[in-house]
Structures are given as structure tokens and as C-alpha cells.
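# Observations on chain architecture
The chain contents come next:
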Amino acid sequence: MAEKLVLIDGHSILNRAFFGLPDLTNSEGLHTNAVYGFLNIMFKILEEEKPQYLTVAFDVHEPTFRHKMYDGYKGTRKPMADELRQQVPLMKEMLRSMGVTVVELPGYEADDILGTISHLAEQRGMQVSVISGDRDLLQLATEQIQIRIPKTKKTGTEIENYYAKDVLARYQVTPKEFIDVKALQGDTSDNIPGVPGIGEKTASALIAQYHSIEAVHEDAANVKPPRASKNILEYWDQAVMSKELATIILDAPVVYDFEQAKLDGIASLYTDEAYKMCKRLEFKNLLSRFEHADNAKEEALSFTILDNEMIANAFLLNLKSGFAFAFTQTETGIAISIADGEHLVYIPSTEQYEEQKLAAAFADAVIRIAKQDETAVFETAEVKKTLRYLLTHGISLNPYRNHFYDRTIAAYLINPTIGDYPYDLIAKDYLGQFLPSKDELIGKKNHEIETYLCHEANVTYRSYQLLLDRLDEMGMMQLFREIEMPLAFVLADMEQEGILMDKETLQEYGRTLQVSVDALESRIYEAAGEKFNINSPKQLGVILFEKMELPGAKKTKTGYSTSADVLEGLKGSYPIVADILEYRQLTKLKSTYADGLSNFVEADGRIRTSYNQTITATGRLSSTDPNLQNIPIRIELGKQIRKVFYPKAGCVFIDSDYSQIELRVLAHVSGDENLIEAFREGKDIHTSTASKVFSVPFDEVTTLQRRNAKAVNFGIVYGISAYGLSQDLGIGRKEAQEYIDQYFATYPKIKEFLDATVEDAKEKGYIKTMFGRIRPIPELSSGNFMTRQFGERVAMNSPIQGTAADIIKVAMIRVHDRLIQENYQARLLLQVHDELLIESPENEKEAVIALLEEEMRGAANLAVDLVVDTQIGKDWYEAH
DNA sequence: ACTATCACG
DNA sequence: ACGTACGTGATAGTT
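Just so you know, these numbers come straight off a predicted model, no measurement behind them.

Moving on: the packing of aromatic side chains. Note on aromatic pairs: each is described by the distance of the centres and the angle between the planes. Counting across every chain of the model gives 24 aromatic pairs. Taken together, a centroid distance of 5.9 Å and an interplanar angle of 65° make the contact between tyrosine 405 and phenylalanine 480 edge-to-face. Of this pair, tyrosine 405 sits in strand 12 (residues 404–406) while phenylalanine 480 is found in helix 21 (residues 477–497), placing the two residues 75 residues apart along the sequence. Across the pair, phenylalanine 480 and tyrosine 405 agree in class, each one buried.

In C-alpha cells form, the structure reads like this:
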């Protein structure tokens, strides 16, 4: 078999990739789509062809010689997009890091380099594949030289292949004749004039007949059509020059060393340097290629596995302060890093050394050190995980919580808008180190759980001071130490506690729903005249707005909108719409709540959510698996679900929620006397607002006026916009603006505050809550109007939502601690943003209510009182 | 993996 | 001319 050379037209393929892929950026903000696409095309080709040689050719941008720019993507030339230009040096760096030969030649185009090298290779008896997006290269095709043109399609990359015979078959001219076609036809993008009046069709036909422009010229008298006949004579000089321009040079003075271009298997491209670069550019898909390569890519992290009970125990007994640890629940084991990774230790639990024993020995070590050294700090990746693990073995570290540090919480406070803080990201951002990610280590092929855990521990240890310094600089030390860290312990206890759920009743409820769903389903099919999937917005949209021709069709980018606010307007006139809305409601209740929650009930009859403390941009918590912060309440049928949440024997539920906490925070931070006064009067705030805004006595406020005032109050908190308010109230934008103006006239300092907040945020790039929590708002400096508007609403909302979140967190810690310190059996179970649910023994309830309300009210000292409403019940339905 | 929808505050 | 109310998570359908 002949040896094979793959030649890539660098700019052309980069250009193809750039336009064929959506804009990708890495977290540094570098545009990466073209580089990514290039590598994908290159790897695909290499895997297919397994060549012995590989070379990429680039144009050198020397304007004096450049009669054309990059390969023909579009007929008209625009300057290269900035986002693409930036990627050219990245691409070259990537190729260099892979050891790929890159050829550039001043004064010549990439085409000429490709032509010359492929010609050389052919003379040596090699097979050549030239990869380009440019059809001009088809003139190079021979029996040995194949031109391959990749096309990015929905289904992936498809490649058109041309040997000389394929060119003839497709274009009815030989590769050499292709030059002559172009000489006649011209190419504006390449500044080739051609012959006026001869276009694509005529040019091809003439060359197919005469085989060269010279032959056409000679027989000009007989050439049809007459316009071509005339012009070939008149513009002959121009035609000759065009032919010259269109001809790719085959003997450019390229210095080319075949030995250097040798490719020692595809795996030889997977170098350490290339791996790091893929990591930096965040090419997650490509990284997997590196793992499958035989040669190891990482300096191995060295650590010791202590799987012997005696040795592990001895180690734990000798442990002194100054370590970081990490662990995971599935493959139970603990990784400990001491003294900057010099002593990385992984202790797995085994059949001999059971989890229970390991957990106890580990906790003993922590407690011993904490008692010996009051400055000792235990650095964890995610402390709540560790705490849950220990709690399942009956161990609580609550008394020692001031000794703990949580890397993920620290990173979250520094930038709460990311949502995910894996160790490899922390290592990159704070240590400038590129580590394999968790997925790479525990992927399909690798099962290096120990390595993963040791990286966790090591990164935690080594980034500790850097993160802490950053928190200090940003003024968030107190927030971190006094709120977020203690809260993690509170949340661990709440999660571990869980909440009892009557699974039988819930399932019965589900069966009842199903009966109604079935009935609705057949009625909908009947009205529609056919069966279809009601759950498919696509199918539903077609049925309603095409087949049944309902009015008011609103389009989304995928089809018709069938959302509730569209259907709501139609349900009066079309019974099928009312049925669909009810069907939606019932199936939602069935799938998400009846079926969904049932699956989470554990053996002890309790259901345990997970609180995520590091996900929201504002500082709120979120709840998952299952989400217990969105249990239905607004509609009675859904609210029934709350009856299956019940307290254990001898206990009741005590449920307290803050009344209008966000508006109270707003009154405080704005200092608006009128709003403060309204709260001090203690009357219904929406009615009071209506009374002031519409200048009517309090007792004469109509329900409509109250409803409007309430909507405006919400709007203010969300970062008011006339459009948003008009949508909510179903009124005109102008009218909505009038409401807003009247509102601001009533509460002038609120407007001042909101304006000042936005202004400040624009200047600083972030907002701050009362407790010092920050949220960056990069949207404010966007060039896009809509994005900027969004940034302004966020700037108005976040300090309010965030401060309210801070306040309830303080309350949670205080309530939790008092319940324990004062020896109550009652326990905090749930938090729902402005609401706390406690399970309390009957005989404690009065005291616990008093305690709960006291701590919730006292969590912050505002210009207005924090008012708390409390209810007691035998289930969550009654208690809220 | 993304989109549409809808549950909560 | 533009076209969204703020913050989440789960499910089903589609790609």
C-alpha cells in the first residue's frame, strides 16, 4: 500500500468550522468554535484515513500579495470576523502543541503550498488527500490526489470526495479544465475578472466542448452565444490573465521535509500540552480522546491508600490540625490531604474496616483536634456531604462547626452566578492548574475514585487561603463565617430529619386523578376528532391552531405557544381548551407530585430533600430530589397534597411565614417614609398601597384597585417594567406606565433607591445585600439593549430577594440552635423561602412557637417590624 | 441536551 | 424597533 499524506487547508477549514458551528466561548471569554470544529474535522479524517503524514497550510497575510482572502465561503468579502481572527493564533498554537507540521510561505497562498506539496508527494508515489472547503482546489485532483470537501450538516459532517474522475463526472470537465472554466467565468471573491457576459453555465459548456480557453479563442467565430463570441475576442487579454490567476502554483519554493511531517499514529497528537490546551478551551468532548490514549496525560497524583484498619486508625490517631478532607457517599471512603499534598491519604471502608468504624474514628480525630487546638480548621470540599455521612452513623459535629471551612460555599459567595464549583475549576481559577475532571476520572473507562477524592482534598487544601483572602477583600467574611457555614450544619440536620409522608394516601390520590385524566382525555380526542399526544405542545398546537383554526395563535420559535396564558383567553369560547387546561393541571399533579413524591419515600416513611446552598444567584436556597419548595397550594385540588405531609406521633406541625418580607426589606433599604408608615399602620399592604396610589380612602378601595396595587408591588420587587406589568394585568403598556408613575409619586424614595441601586451596580458591576452578599451583574455592560434591561431588573430585584434570603438564614440558625441548646425535641424540617416548618411534640408547642416567632422577628432589625404568621396543624395542609 | 410548560416563593 | 416581569426544579417531548 502506498503511503498517505493528509494536507489541510488551514484557513479554509477554520472558516468552515467557524460558520458551521454556534458561537462557543470558554470561561475566559475566548471564542473557540472554529478551533473546536477544525479539530473535529481533522480527527474524523485522520481516523478514516490513518495517514503516515500530516501537514496544515496557512496563508500568510501580506496584503501586497493577497489578491484574495480566505477560501470562498461567500461571494462578497467582508473583513474576517473578529471572533474568527482571534482563533487563528489559537489554532496554530494547538497544532504546534500536537506536533503537527504547519507550513506558511510569504508571497504565496495556502493553495499554492497545497498544490506544491501534493505534487511533490505524488511524484514520490504517495496517495494525497487535500482537505479544504474551497472548490478551486478541484484543479489539483488526479488519480493519486483526492480533494475532500467537508460539509457541516445537521446529521454531522459529511465529506464530498473528488479524484480526477469524480470531477469529470460531476462537472463534465477535467481538473485542469476547471482552471479554464474559472478563467472565463471569473470569481469576484478572488478578484478574477473572467470574461464579461460569460457566466457559470456558458463557461462550463464552452470548456466541455473546447477543453481550453485557447481553443475557444481560436474558434471564436463559431462560438455561441454571440455575446460570448464577441467578448472572448474583445477581452482576450483579460481571459489570459484570469487563467494565470486561477492556476494554482505547483512549484512554489516550499521547504518541506517529509520526515518532519510524519505522523506516528493519531495517538501521538494527544500530548500533555494539547491536553492542557483542550482543557483550557473547555473542549470536554475532545478530552475523552486523550483518556483513551495509552500514554498517561497527568503527572500522577501520589497518595497512599490506607486499607488496613490498624494502620488507618494509627494514622487518624496521629492526625494533627491542618488538613483538608473530602469524601463521597457512594463509594464510601475518606481522602485526607495534609501539608500541601505531601501526605495525601485515602482511607476506604472495607468489609473488615466497616463504614461505621471508619466514620467514628474519623469523627474522633476531628473532635480530638478541635478540643486540643481552638484555631484548628477542617477544610472540606462540601461540608454538608460529610455531615450527612456522619449523621447516618449517628454522629453530629454541630458543637465543632466553627472549625469547618467549605470550599464550595466560599467559591459560591465569591461568584454566585456559576452554579457549579468542581475542584478542577477551582484549581484552574485559583491555582492556575489544569486537572482532570471528575467525569474524566470516573468515566466509563476509568474508575479512579481514589484519585478523584485526593484531588478534591488537595485542591481544597491548597486553595484555602486564596479563597479566604478573596472573601475578606470582598467584605464577606462575616457572611461566610456567621451565616453560610453554620447554615450548612443546620441544613444537614434538616435533610437528615426528613418529613413523614403518607404514601398510601398519596397513591390513592394519584389513582383518583387518573380517573379524571382518562375522562378528560377522551373528551379532548372527541372534540379534536382524532387521538394525539396532548402532552406534546407541538401536536397540540397543530390541532388547536391549524386543524380547529382557533384564534389568537402566538408563535414560539418551535411552533405555536400553548401556554396557559394563551389558552386562558380561549377557554370561555372553546370547551376543548378548558378541558386541556384541566388535563394539564391534573397530569402535572399526578406525574410530578403523586407519582414523583411517592418514589422518594424511604423505608422509614420519611422523605428527604436536598438543599442546595450554592446554586441561586441571589442567595436563596433551592431544593431538589425531591423539590419540597414547590408543593402546590394556590389551587385547592393541588393543596390537598399537603395533607400527606404529617408529623410523627405525639407531634404537631408549626409553620411560620414572614408576611411581605420583600416589601418590608424594600421599605427599610429605601427608607421611604410612606411605605414605612403603611407597614406601621399594620393594615393590608396592597389595600393600603391602592388607597395611597389611587387617592381613595382605605375602606373604599375596590377589589380591582387592590389587585392592581398588588401587581405593582410585585412588579417593583421584580424590577419594574411597564411591559411586564401590562402583561400581568392584561392592560395596555401605557396604562401600566401610569400605575408605575403614580406608585413612584406616592413612594418617591423607592424610585430614588431603585435608580441609585442600578447606577451603583453599573459602576461596580455587582450589587450587595444588607448582609454583604454580592451578585455580579455583567449584563449591565452588555452592548445588547435587551440584555442590559434585564441587568437593570436584576439589579433592582437581587438586593431585595437576597436580603430576604439572608434574614431567613439567620433565623434558621438561631431557631435550630435554640431547639438543641434548650433541649427541645422539636426540629426544623423545611424552609420554603419565607416559611419555616417545625415538627414539635404537643407539649412543647407553645414554647416552640414563642421561640420560633421570636427568632424570626429578631433576625434583622429593620425600619419596619418583621411580622410572622404562625399556624399549627396535624398536617401541612392545616398548618399553612 | 434542549424546549415548553407549570409548580412554588 | 425592540419584546421581559425576579428566583428556582421536575416532567414530558423532541433532537
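Turning next to the protein's contact with DNA strand C. Within the structure, DNA strand C sits among 36 residues, and Asn533, Ser536, Ala617, Ser622 and Asp625 are positioned closest to it. Backbone atoms, meaning sugar and phosphate, form 66% of the atoms of DNA strand C found within 4 Å of the protein. Contact distances for DNA strand C include 2.8 Å between a phosphate oxygen and a side-chain N or O atom of asparagine 533. Backbone polar atom of alanine 711 to a base nitrogen of DNA strand C: 3.3 Å apart, as the coordinates give it. Tallying contributions element by element places helix 34 (residues 785–821) first for the surface near DNA strand C, with seven residues. In terms of residue class, the surface near DNA strand C is made up of eleven nonpolar, 18 polar and seven charged.

Glancing now at the nonpolar core. Leu316, Ile336, Leu397 and Phe645 are the most contacted members of the largest nonpolar core, which has 194 residues in total. When residues in this core are grouped by element, the largest group, 13 residues, is from helix 34. Residues in contact with phenylalanine 645, not counting those within four places in the same chain, are Ile499, Leu500, Met501, Leu597, Ile607, Leu628, Ile631, Phe653, Asp875 and Trp876. Within the second largest apolar cluster, 48 residues are counted, among which are Phe178, Leu184, Tyr210 and Val223.

On to the UniProt feature "domain: DNA-directed DNA polymerase family A palm" (unreviewed entry) in chain A. UniProt tags residues 638–844 as "domain: DNA-directed DNA polymerase family A palm" (unreviewed entry). Taken end to end, residues 638–844 is 59% helix and 14% strand, and its two terminal C-alpha atoms sit 31 Å from one another.

Quick look at the packing of helix 34 against helix 35 (residues 845–857) now. Following both chains from N to C, one finds helix 34 and helix 35 inclined at 150°, their axes separated by 8 Å at the closest point. Classified by the angle their axes make, helix 34 and helix 35 are roughly antiparallel. Helix 34 and helix 35 meet at a crossing whose hand is right-handed. Every residue of helix 35 that contacts helix 34 at Ala811, Arg814, Val815, Arg818 and Leu819 is listed here: Val848, Leu851, Leu852, Glu854, Glu855 and Met856. Looking at the contact of helix 34 with helix 35, its residues break down into seven nonpolar, no polar and four charged.

Between its first and last C-alpha, helix 35 extends 18 Å over 13 residues, near the 18 Å set by a 1.5 Å rise per residue. When we look at burial in helix 35, the residues that qualify are Val848, Ile849, Leu851, Leu852, Glu853, Glu855 and Met856. Where helix 35 is buried, its residues contact strand 18 (651–658), helix 34, strand 22 (835–841) and strand 23 (868–873).

With respect to topology, three strands assemble into an open sheet ordered 14-13-17, the strand pairing being antiparallel. A strand with exactly one partner marks an edge of an open sheet, and here the two such strands are strand 14 (606–607) and strand 17 (645–646). One ladder, built from two bridges, connects strand 13 (residues 499–501) with strand 17; its direction is antiparallel. Within strand 17, the position partnered with leucine 500 by the bridge is tyrosine 646.

Our focus in this paragraph is the protein's contact with DNA strand B. Residues in close proximity to DNA strand B total 24 residues, the closest being Thr562, Arg584, Lys588, Ile633 and Asp834. Within 4 Å of the protein, the contacting atoms of DNA strand B are 74% sugar and phosphate, with bases supplying the remainder. Between DNA strand B and asparagine 630 there is a distance of 3.0 Å, counted from a base nitrogen to a side-chain nitrogen or oxygen. In this structure, a phosphate oxygen belonging to DNA strand B sits 2.8 Å away from a main-chain N or O atom of arginine 634. For the surface near DNA strand B, the leading source of residues is helix 25 (residues 575–598), giving four residues.

Right, let's get into the pattern of salt bridges. Scanning the model with the defined rule gives 49 salt bridges in all. Where lysine 243 meets aspartate 180, a salt bridge forms, and the shortest distance between an N and an O atom there is 2.8 Å. On the criterion of sequence distance, the pair formed by lysine 243 in helix 11 (residues 236–246) and aspartate 180 in helix 7 (residues 175–185) is long-range, its members being 63 residues apart. Here arginine 706 makes a salt bridge to aspartate 684, at a shortest N to O gap of 2.9 Å. One end of the pair, arginine 706, is in helix 30 (residues 703–718); the other, aspartate 684, is in the loop between helix 28 (673–681) and helix 29 (685–693), and 22 residues separate them in sequence. In this structure arginine 706 comes out as partly exposed when scored by relative accessible area, which is 27%. Taking relative accessible area as the criterion, aspartate 684 reaches 34% and is therefore assigned partly exposed. Each of Lys4, Glu48, Glu49 and Arg148 takes part in a single network of salt bridges with overlapping partners.

A word on the environment of valine 868. Residue position: valine 868 is located in strand 23. Not counting residues up to four positions away in its chain, the partners in contact with valine 868 are Ser656, Asp657, Tyr658, Glu853, Met856 and Arg857.

Attention shifts here to unusual backbone geometry. For the bond running from lysine 224 to proline 225, omega is -10°, close enough to zero to count as cis. For proline 225, the location among the structural elements is in the loop between helix 9 (213–218) and helix 10 (226–234). Cis rather than trans, the peptide bond between aspartate 625 and proline 626 has omega equal to 0°. Along the polypeptide, proline 626 turns up in the loop between strand 16 (622–624) and helix 26 (636–639). Here lysine 50, not a glycine, exhibits a phi torsion of approximately 45°, which is positive. We classify lysine 50 as exposed; its relative accessible area is 57%.

What counts, and at which threshold
Residues numbered from 1 in each chain as written. Chains lettered and ligands numbered in written order. Predicted model: local features only at pLDDT ≥ 70, side-chain atom pairs only at ≥ 80, totals over all residues. Heavy atoms only, no water. Phe/Tyr/Trp six-rings, centres within 6.5 Å; stacked < 30°, edge-to-face > 60°. Helix = DSSP H or I, 4+ residues; strand = E, 2+ residues; numbered from the N terminus. Buried < 20%, exposed > 50% of the residue type's maximum accessible area, 1.4 Å probe, protein only. Near = heavy atom within 4 Å. Polar contact = N/O pair within 3.5 Å; in protein donor to acceptor, adjacent residues only side chain to side chain. Nonpolar A, V, L, I, M, F, W, Y, C, P; charged D, E, K, R; others polar. Core = buried A, V, L, I, M, F, W, Y, C linked by side-chain atoms within 4.5 Å. Contact = heavy atoms within 4.5 Å. UniProt positions renumbered as here; feature names shortened; annotations may be inferred. Axes fitted to C-alpha atoms, helices over the stretch in contact; angles between N-to-C directions. Parallel < 35°, antiparallel > 145°, perpendicular 65-115°, else oblique. Left-handed = near helix turned anticlockwise from the far one by under 90°. Expected span 1.5 Å × (residues − 1). Pairing = 2+ DSSP bridges. Salt bridge = Lys/Arg side-chain N within 4 Å of Asp/Glu carboxyl O.

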